[in-house]
Amino acid sequence: MSWIEKELKRRTKVVEPAPRRAAEAADPARIISDLWQRVEQANAALPEALRLRVELVETRPRMGPHVRIWLRAPNGAALGFAGDAIRYSWPARRSSRSRNFWITWNADQERLEISQRVGLDTPPVMRRWRFDTRRIEQLLQGLVTNRQVKPRSLRKRRLWLF
């Protein structure tokens with residue numbers, strides 16, 4: 001076989017296109033609802049005595065986001081689904097940093113993020129971490145055992161030490 005035939009054969013092979021990003025952006029509501037379904041499934045897998053209480057919210061608040069469903073712990077801590085975000089709410093007040101946080105979809109970086117208000121400034125100073133979806137069980141464990149879940153413990157770590 002001459003080099004010409006080899007070259008023609010090489011060029012006629014079907015070249016698979018490199019994987020590329022989807023032309024349209026990911027739907028944040030679908031991604032968050034899929035994550036919420038995983039949370040609900042993990043809660044349903046718990047024994048009846050440890051399961052978090054499900055509360056459906058029918059009245060819309062005057063201000064702020066509308067949380068549709070709450071998974072509430074006995075001490076009042078809760079995890080709520082707002083359609084485009086998941087809310088963690090801790091009942092005890094704190095004067096400096098909020099103990100509450102949101103799990104949202106960051107469209108620019110195409111990842112799930114945890115955001116927490118870290119100061120009393122106006123406009124609020126927010127701290128953001130990448131959310132690790134493998135930590136859903138840890139999130140539920142904190143609610144069931146009445147221990148506060150810190151957002152940094154749910155982040156995706158880059159290196160083994162950090």
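Up top is the structure.
What counts, and where the lines are drawn
Residue numbers restart at each chain and count upward from 1, following the sequence in its written direction. Note on the predicted model: pLDDT of at least 70 is required for a residue's local features to be given, and 80 or more for side-chain atom pairs to be given and counted; whole-chain, interface and lining totals, by contrast, use all residues. Side-chain numbers here rest on the full set of heavy atoms in the structure, without hydrogens or water. Secondary structure elements are taken from DSSP: a helix is a run of H or I of four residues or more, a strand is a run of E of two residues or more, and numbering for both begins at the N terminus. Should any heavy atoms of two residues lie within 4.5 Å, those residues are considered in contact. Exposure classes here rest on a 1.4 Å probe applied to the protein chains alone. A residue is buried below 20% of its type maximum, exposed above 50%, and partly exposed in between. Whenever two N or O atoms come within 3.5 Å, that pair is a polar contact, provided that in protein one can donate a hydrogen and the other can accept it, and provided that, for residues adjacent in sequence, both atoms are side-chain atoms. Two strands make a pair as long as DSSP finds a minimum of two bridges between them. Working convention: axes come from line fits to C-alpha atoms, limited for helices to the stretch in contact. Angles between N-to-C directions cover 0 to 180 degrees. Here, a salt bridge means any side-chain nitrogen of Lys or Arg that lies within 4 Å of a carboxyl oxygen of Asp or Glu.

Peer 1: Could you give an account of the environment of Leu52, with specific residues and numbers?
Peer 2: Counting through the fold element by element, Leu52 comes out in the loop between helix H2 (28-44) and strand E1 (53-56). Once the C-alpha coordinates of Leu52 and Val144 are considered, the two residues, 92 residues apart in sequence, prove to be 6.9 Å apart. The contact partners of Leu52, leaving out residues within four places of it in the chain, are Asn43, Leu71, Arg72, Ala73, Leu140, Leu143 and Val144.

Peer 1: Explain the side chain of Asn100 to me, and be specific about the residues and the numbers.
Peer 2: Tracing the chain through its elements places Asn100 in the loop between strand E4 (85-89) and strand E5 (101-106). According to the relative accessible area criterion, Asn100 is buried, its value standing at 16%. A polar contact is formed between the side chain of Asn100 and the backbone nitrogen of Trp90, at a distance of 2.7 Å. Each residue touching Asn100, except ones within four places of it in the same chain, is listed here: Arg87, Tyr88, Ser89, Trp90 and Gln116.

Peer 1: Can you break down the pairing of E4 residue by residue, with the values?
Peer 2: For E4, the buried fraction is high: five of the five residues fall into the buried class. With burial as the criterion, each face of E4 is covered, one bearing Ala85, Arg87 and Ser89 and the other bearing Ile86 and Tyr88. Summarising the sheet, strand E3 (residues 78-81) and E4 pair through four bridges and their orientation is antiparallel. Bridging from a neighbouring strand, Ala78 pairs with Ser89 of E4. Across four bridges, the pairing between E4 and E5 is antiparallel. Bridge assignment links Ala85 to a residue of E5, and that residue is Thr104.

Peer 1: Please provide a residue-by-residue account of the sheet that holds strand E7 (residues 126-130), values included.
Peer 2: Overall, antiparallel pairing links the seven strands, which are arranged E1-E2-E3-E4-E5-E6-E7 in an open sheet. Looking along the sheet, the strands with just one partner apiece sit at the ends: E1 and E7. Pairs of neighbouring strands in the sheet enclose a mean axial angle of 25 degrees, with direction left out of account. Sheet analysis places E1 next to strand E2 (residues 69-72), joined by four bridges and oriented antiparallel. Looking across to E2, one finds that Leu56 is bridged to Ile69. In this fold helix H3 (residues 136-144) packs onto E3, E4 and E5, with an angle of close to 130 degrees to the strand it touches most, E3.

Peer 1: Before we move on, could you go through the pattern of salt bridges and cite the residues and values that matter?
Peer 2: Between side chains of opposite charge, a pair can form as their charged atoms come close. As enumerated under the stated definition, the model contains seven salt bridges in all. Close ionic contact of Glu55 with Arg53 constitutes a salt bridge, the shortest N to O distance being 2.6 Å. The exposure class assigned to Glu55 is partly exposed, which follows from its relative accessible area of 25%. Arg53 sits in the partly exposed class, given a relative accessible area of 46%. The residue Arg72 makes a salt bridge to Glu55 at a minimum N-O spacing of 3.1 Å. Residue Arg72 is located in strand E2, and its partner Glu55 is located in strand E1; the two are separated by 17 residues in the primary sequence. Each of the salt bridges in this network shares a partner with another, and the network as a whole consists of Arg53, Glu55 and Arg72.

Shape is all these values report; function is a separate question.
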